[in-house]
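Coordinate inspection notes
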Amino acid sequence: IVPEDRDEIVAAIGEAYETGQARAEARVETNDGDMIPYEFIGSVLEDPGGNEVLVGTGRDVSERAERQRELKRTRYLLDLAQRIAHVGGWELDVRSEPLEFEATDEFYRIHGASPGDPVDIETVRAFYHPEERRGIDRVISDAVEHGESYDMEVRLATDGTDRRWVRAIGEPVTDDGEGVAVR
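Computed from a prediction, not measured in an experiment: that's the story for all the values here.

The omega torsion across Glu97 and Pro98 is 0°, close enough to zero to call that bond cis. Mapped onto the elements, Pro98 comes out in the loop between β4 (90–93) and β5 (100–103). Although it is not a glycine, His86 sits at a positive phi angle of roughly 60°. On the basis of relative accessible area, His86 is assigned to the partly exposed category, the value being 45%. The backbone phi angle of Asp176 is positive, close to 55°, even though this residue is not glycine.

Pairing within the open sheet is antiparallel, and its three strands lie in the order β1-β2-β3. What marks the edges here is a single partner per strand, and that holds for β1 (21–29) and β3 (52–60). The sheet shows a mean angle of 30° between the axes of neighbouring strands, taken without regard to direction. When β1 meets strand β2 (residues 35–46), the two strands line up antiparallel, connected through nine bridges. Residue pairing for β2: Glu25 is matched across the bridge by Glu39. Each of β1, β2 and β3 is contacted by helix α1 (residues 6–19), which is oriented at about 160° to β1, the strand it contacts most. Together, β1, β2 and β3 form the strand contacts of helix α2 (residues 62–85), whose direction differs from that of β2 by roughly 120°.

Looking at the element boundaries, Glu131 is found in helix α5 (residues 130–146). Given the relative accessible area of 61%, Glu131 is considered exposed. Separated by 120 residues in sequence, Glu131 and Ala11 place their C-alpha atoms 59 Å apart. Here Arg155 takes part through its side chain, which lies 3.0 Å from a polar atom of the side chain of Glu131.

The next thing to look at is α1. The end-to-end C-alpha separation of α1 is 20 Å, in line with the 20 Å expected for 14 residues at 1.5 Å each. Among the residues making up α1, those that are buried are Ile9, Ala12 and Ala16. Projected down its long axis, α1 carries its buried residues within an arc of 55°, all on one side. Opposite its buried face, α1 presents the exposed residues Asp7, Val10, Ala11 and Glu18, each directed more than 90 degrees away. Those residues of α1 that are buried are in contact with β1, β2 and β3. Just downstream of α1, Gly20 is the residue with a positive phi angle, here 105°.

With that out of the way, let us pick up the pairing of strand β9 (residues 178–182). Among the five residues in β9, four count as buried, and that is most of the element. Note that strand β8 (residues 172–175) and β9 share four bridges and pair antiparallel. Bridge pairing in β9 places Asp175 opposite Glu178. Here β8 folds back onto β9, and the loop between the two strands holds two residues, one of which, Asp176, carries a positive phi near 55°.

Here the focus is the environment of Gly42. Residue placement: Gly42 occurs in strand β2. With 82 residues separating them in the primary sequence, Gly42 and Val124 have C-alpha atoms 46 Å apart. When near neighbours in sequence (up to four residues on either side) are disregarded, Gly42 contacts Ala16, Gly20, Gln21, Ala22, Leu54, Val55 and Gly56.

Conventions and cut-offs
Residues numbered from 1 in each chain as written. Predicted model: local features only at pLDDT ≥ 70, side-chain atom pairs only at ≥ 80, totals over all residues. Heavy atoms only, no water. Helix = DSSP H or I, 4+ residues; strand = E, 2+ residues; numbered from the N terminus. Buried < 20%, exposed > 50% of the residue type's maximum accessible area, 1.4 Å probe, protein only. Pairing = 2+ DSSP bridges. Axes fitted to C-alpha atoms, helices over the stretch in contact; angles between N-to-C directions. Contact = heavy atoms within 4.5 Å. Polar contact = N/O pair within 3.5 Å; in protein donor to acceptor, adjacent residues only side chain to side chain. Expected span 1.5 Å × (residues − 1). Arc of directions from axis to C-beta.

See below:
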């Protein structure tokens, strides 16, 4: 285990003896000098003589670490592209009750909200001018019930005027022919 990661392993061993189990990640250096990320999981058990012993496993998590790096890079590029193009993305999952809404940071910025704000379907509806809401409800319903896509321009209500418009494009998502979401 590389010297910089040894304190974390020592702390995990202490945690295992206190709580009964622990998990930690550390880099292992091979004889060739390669660094391999490992995950260690340990549990404290009792041997036949009644003594506490620490048992555990370690596994190479290189593939997971690479996927995490690639995901972080891809998310950064997506966020950058959205900010440059001023385009947001979202998904409405209609299988859950209440309906589940997820959106990108740029969606929030376009609609005058902060990316960490809690948002439900009624909050999303409130982003739009009151005269637009019935049409939005209809196209969402048609997307879910009939698998129809939509492309429309609608007024936002975030600043209290009718001067701010957005283009809203929605695609249905189906599972075994049933509408489950709109993106």
